[in-house]
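# Overview (structure and organization)
These are the residues of each chain, in order.
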Amino acid sequence: MIINHPLLGPCDAQEFTYKGDARLIARPDGMSENAEAAFHDYLYLRDNPAGVHRELWFHEQGDRSWLVVTRNTVTHEITKVELARDVARNMGRSA
Amino acid sequence: MRYSGFRILKEALTGHKGWQPAWRDPDPQPHYDIVIVGGGGHGLATAYYLAKEFRQHRIAVIEKGWIGGGNVGRNTTIIRSNYMLDGNEPFYEFSLKLWEGLEQDFNYNAMVSQRGILNLIHSDAQRDAFIRRGNAMILNGADAELLSREDVRREYPFLDFDNARFPIKGGLAQRRGGTVRHDAVAWGYARGADSRGVDIIQNCEVTGFRIENGTCLGVETSRGFIGAGKVGVAVAGNSSRVMAMAGMRLPIESHVLQAFVSEGLKPVLPGVITFGAGHFYCSQSDKGGLVFGGDIDGYNSYAQRGNLPVIEDVAEGGMALFPGLGRVRLLRLWGGIMDMSMDGSPIIDRTHIDGLYFNGGWCYGGFKATPASGWCFAHLLATDQPHKTATAYRFDRFERGRMIDEKGMGAQPNLH
């Protein structure tokens, strides 16, 4: 698979380490009332869809950026690549 | 119809006109006591043991394709019980004991071959770890034998003992491990279940569960509603998709694992060998092909095919261990979809919905577990109590902090 890095252009997926569902960006609040249950779901439960999946890829052998890749788990086709930083900011998670 | 040497002789003399189909092709009935979703090895074994050992009646197995067309036909056929942790080892040893009597039990030639499995040791620290694992196996009634470098050399003289980076220092052998003809396992269980009255319904896809007031009343299928007293789901690889129809999210990701077969060779590998420094394992089929595999690709996939980097990695592992492999041509390769659970161990448990039971999360170790998985799931379905070797395989082990993480990898499926 070739991942079209927003800054570096097309890169072999081998340069990346797969880090799972992009929902992991939305880390629960550890101080909230139901933190224990929320962290159980966050750590262990997954949607695991057959079809379009947004997922985190870490460019470990490259510029060490984190990407959100939209990929079809049935065909391996990649339709969208974003910087995870931008996605997190749009979710209001970082300055 | 029982199979025997006499039967083959009789059929040979009468033009082979007396053979019957090994199982029926019934239409679904409106209601069963127990419906098993998934006609793979585990589902068929469950139905077989439900009928035979737990004296249950009115059982159906529902399969969206044809039986044995999923992972039971896509694995590398290895059986073993060389686990270490308390939650695992008694279960896998129970499975290996069932393999040993399986062919007589279901009167079908599954070509169970206890040719032995050898895990190679490449460092002193690894020897210590393997001694510990071997002792855990022996404590649970399995067999384990520590081999020196010279012992290994006697049995496998062609390995690269003096590899500069990963010299072979010995091995941990389990002589009772080996290989089984995988398709015959599905067929043998199907025939055994069918002859005890189980309806095996193929080309019938489950499209939903009928759940009212927290109780599962049956399954909606492509051939209409089928009512059930209890529903057992055994669809590893697609567990998340099926259980999502019951509104559940699972501690599972689906990943693709590739496997490989070489061209046919004369007998070269007497048993199963595994590389201890990389991920590579290999055996030789009775047709002569070297059957081998390695790591999962490492990303979510339902594609039943993988990508080239893992093929290269597996080939490199093979060459580091077994340089003679370099002249062998690859005949076929394929991918299977694995339920990779968060701790690398399976789940056999009730769900929070009454009458709905789950069996899955087998990672890439489901084939060897087939008999015990079927037995333990049948035990749970019939008695509502877990079998004594499967008490640890619970849904709630993650929130209770009782993970069964054989390799100590943490909650990341692609590392198991």
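In what follows, the structure referred to is the one given above.
Let us look at the structure shown here.

What counts as what
Residues numbered from 1 in each chain as written. Chains lettered and ligands numbered in written order. Predicted model: local features only at pLDDT ≥ 70, side-chain atom pairs only at ≥ 80, totals over all residues. Heavy atoms only, no water. Helix = DSSP H or I, 4+ residues; strand = E, 2+ residues; numbered from the N terminus. Rg over C-alpha atoms; globule rule 2.2 N^0.38 Å. Buried < 20%, exposed > 50% of the residue type's maximum accessible area, 1.4 Å probe, protein only. Contact = heavy atoms within 4.5 Å. Areas by Shrake-Rupley, 256 points an atom, 1.4 Å probe, with all protein chains shown as cover. Buried area = accessible area lost by both parts, 1.4 Å probe. Salt bridge = Lys/Arg side-chain N within 4 Å of Asp/Glu carboxyl O. Pairing = 2+ DSSP bridges. Axes fitted to C-alpha atoms, helices over the stretch in contact; angles between N-to-C directions. Phe/Tyr/Trp six-rings, centres within 6.5 Å; stacked < 30°, edge-to-face > 60°. Lys NZ or Arg CZ within 6 Å of the ring centre and 35° of its normal. 1 Å grid on protein atoms, 1.4 Å probe; cavity = no way out; pocket = protein on both sides within 12 Å on 5 of 7 lines; lining within 4 Å. Points joined across faces, edges and corners; volume = space filled by probe spheres on them. Nonpolar A, V, L, I, M, F, W, Y, C, P; charged D, E, K, R; others polar.

So, on to the overall build of chain B. Scanning chain B from N- to C-terminus turns up nine helices and 18 strands. In terms of C-alpha radius of gyration, chain B reaches 22 Å, essentially the compact-globule figure of 22 Å for 416 residues. Dimensions along the principal axes, computed over C-alpha positions, put chain B at roughly 65 × 65 × 40 Å. Counting across all 416 residues of chain B, residues that qualify as buried make up 57%. For chain B, contacts bridging at least 24 residues in sequence account for 74% of all contacts bridging at least 6. Carbon and sulfur atoms make up 51% of the accessible area of chain B, which totals about 17200 Å².

Moving on, we come to the interface of chain B and chain A. Taken together, the contacts link 25 residues of chain B with 22 residues of chain A. Roughly 2100 Å² is buried in total at the junction of chain B and chain A, and carbon and sulfur atoms are behind 49% of that figure. Of all residues in chain B, Arg249, Asn300 and Tyr302 of chain B give up the largest surface area on contact with chain A, accounting jointly for 31% of the area buried on that side. Our enumeration of links across chain B and chain A arrives at two salt bridges. Residues arginine 249 of chain B and aspartate 47 of chain A are paired through a salt bridge, measuring 2.7 Å at the closest nitrogen-oxygen approach.

The next thing to look at is the sheet that holds strand E5 (residues 66-72) of chain A. Each strand in a sheet pairs with its neighbour through backbone hydrogen bonds, running either in the same direction (parallel) or in the opposite one (antiparallel). Residue and element names in this part refer to chain A. Spatially, four strands are ordered E3-E4-E5-E6 in an open sheet, and the strand pairing comes out antiparallel. Two strands close off the open sheet at either side, each with one partner strand: strand E3 (17-21) and strand E6 (78-83). Looking at each pair of strands side by side, their axes are set apart by 30° on average, direction ignored.

Residue and element names in this part refer to chain B. What the rule picks out here adds up to 28 aromatic pairs over all chains. Ring centres of tyrosine 48 and tyrosine 49 lie 5.1 Å apart, and the angle between their planes is 70°; on these two criteria the pair is classed as edge-to-face. Here the two residues tyrosine 48 and tyrosine 49 agree in accessibility, since each one is buried. Judged by centre distance (6.1 Å) and plane angle (80°), the rings of tyrosine 156 and phenylalanine 158 are edge-to-face. Judged by its relative accessible area of 27%, phenylalanine 158 is partly exposed. Each residue in the set Tyr3, Trp19, Tyr48, Tyr49, Phe54, Phe94, Phe106, Tyr108, Tyr189 and Trp375 is aromatic and connected to the rest through ring pairs, giving one cluster. If you follow arginine 133 out to its NZ or CZ, it ends over the ring of phenylalanine 130, 4.9 Å from the centre. The ring of phenylalanine 225 has arginine 210 lying over it, and the distance from NZ or CZ to the ring centre is 3.7 Å.

The subject of this paragraph is the sheet that holds strand E12 (residues 252-264) of chain B. Residues and elements named next belong to chain B. The strand order across the open sheet built from eight strands is E5-E6-E4-E13-E14-E15-E12-E16, with neighbouring strands paired in mixed fashion. Strands with a single pairing partner mark the edges of an open sheet, and in this sheet they are strand E5 (145-148) and strand E16 (330-341). Sheet twist, expressed as the mean angle between neighbouring strand axes with direction ignored, is 25°. Bridging between strand E4 (residues 117-121) and strand E6 (residues 170-174) involves five bridges; their strand directions are antiparallel. From the neighbouring strand, asparagine 119 faces E6, where its bridge partner is leucine 172. Relative to strand E15 (residues 289-300), helix H8 (residues 308-321) is tilted by about 135°, and along the sheet it contacts E4, E12, strand E13 (272-274), E15 and E16.

With that out of the way, let us pick up the layout of surface pockets. All names here are of chain B. Estimates place the volume of the second largest pocket at around 580 Å³. In terms of lining, the second largest pocket is formed by 27 residues, of which the most central are Arg181, His182, Ser285, Lys287 and Val291. If you list the elements that add at least two residues to the lining of the second largest pocket, you get E12, strand E14 (281-284), E15 and E16. In the lining of the second largest pocket, the residues fall into six nonpolar, 14 polar and seven charged.

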